[in-house]
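Take a look at the letters that make up each chain.
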Amino acid sequence: LGLVLGKPIGIVLFSWLAVTMRLAELPENVSWKAIQATGCLAGIGFTMSLFVTSLAFSSTLLIDQAKFGILSASFVAGIAGWSLLRRLYSNSRRMS
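Residues numbered from 1 in each chain as written. Predicted model: local features only at pLDDT ≥ 70, side-chain atom pairs only at ≥ 80, totals over all residues. Heavy atoms only, no water.

## Considerations on the overall build of the chain
- Helix and strand counts for the chain come out as four helices and zero strands.
- In the chain, the succession of α and β elements from N to C terminus is α-α-α-α.
- Whereas a compact globule of 96 residues would reach a radius of gyration of roughly 12 Å, the chain reaches 16 Å, over 25% beyond that.
- If you line up the chain on its principal axes, its C-alpha atoms span 55 × 35 × 15 Å.
- For the chain, the proportion of its 96 residues judged to be buried stands at 19%. (Helix = DSSP H or I, 4+ residues; strand = E, 2+ residues; numbered from the N terminus. Rg over C-alpha atoms; globule rule 2.2 N^0.38 Å. Buried < 20%, exposed > 50% of the residue type's maximum accessible area, 1.4 Å probe, protein only.)

See the structure below:
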């Protein structure tokens, strides 16, 4: 859930806070839907999760189960980000 939901929620929330507090500006031609899709793509980052798993568990069964969950979540996050960007891109091409 951290990779699939936590990263997108965190990225969108803190980006929104930064823009709202005038600490940052939303770049030209970047929508909030694009920020959301990028947040989903951030869920692909699994190397730190795998590293922490190797430190947290000593049982190879638990490590293997955790690796499967991490890689599955990364795959789901990648597909979600790709589909959001594809939908966003195809909508923008139709408008122009």
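## Regarding a nonpolar patch on the surface
- There is a patch of nonpolar side chains on the surface, built from Leu-1, Leu-5, Ile-9, Leu-13, Phe-14, Trp-16 and Trp-32 and spanning about 780 Å² of accessible area.
- The leading source of residues in the nonpolar patch is helix 1 (residues 2-20), at five residues.
- Relative to the elements of secondary structure, Ile-9 occurs in helix 1. (Patch = residues over 30% accessible without salt bridge, like charges linked within 9 Å, V, L, I, M, F, W, Y side chains within 5 Å. Areas by Shrake-Rupley, 256 points an atom, 1.4 Å probe, with all protein chains shown as cover. Salt bridge = Lys/Arg side-chain N within 4 Å of Asp/Glu carboxyl O.)

## Observations concerning the side chain of Thr-53
- Examined against the element boundaries, Thr-53 turns out to sit in helix 3 (residues 47-56).
- The class of Thr-53 is buried, set by a relative accessible area of 6%.
- Looking at Thr-53, its side chain comes within polar contact range of the main-chain oxygen of Ser-49, at 2.8 Å.
- With near-sequence residues (within four places) excluded, Thr-53 lies in contact with Ile-63, Ala-66 and Ile-70. (Polar contact = N/O pair within 3.5 Å; in protein donor to acceptor, adjacent residues only side chain to side chain. Contact = heavy atoms within 4.5 Å.)

## Focus on unusual backbone geometry
- Positive phi values are uncommon outside glycine, yet Arg-22 reaches one of about 60 degrees.
- Turning to its location among the elements, Arg-22 is positioned in the loop between helix 1 and helix 2 (32-42).

## Quick look at helix 1
- Residues Leu-3, Pro-8 and Ala-18 constitute the buried set of helix 1. Considered in projection along helix 1, the buried side chains sweep an arc of 110 degrees and stay on one side of the axis.
- Just downstream of helix 1, Arg-22 is the residue with a positive phi angle, here 60 degrees. (Arc of directions from axis to C-beta.)

## Some words on the environment of Gly-69
- Relative to the assigned elements, Gly-69 resides in helix 4 (residues 60-95).
- Exposure remark for Gly-69: the relative accessible area of 35% places this residue in the partly exposed category.
- Note: C-alpha distance between Gly-69 and Lys-7 (62 residues apart in sequence) is 16 Å.

## Things to note about the environment of Ala-42
- Mapped onto the elements of the fold, Ala-42 is located in helix 2.
- Judged by relative accessible area, Ala-42 falls into the partly exposed class, the value being 24%.
- For Ala-42 and Pro-8, which are 34 residues apart along the polypeptide, the C-alpha to C-alpha distance reads 7.2 Å.
- In this view, Ala-42 contacts Lys-7 and Ile-11; residues no more than four positions away in its chain are not counted.

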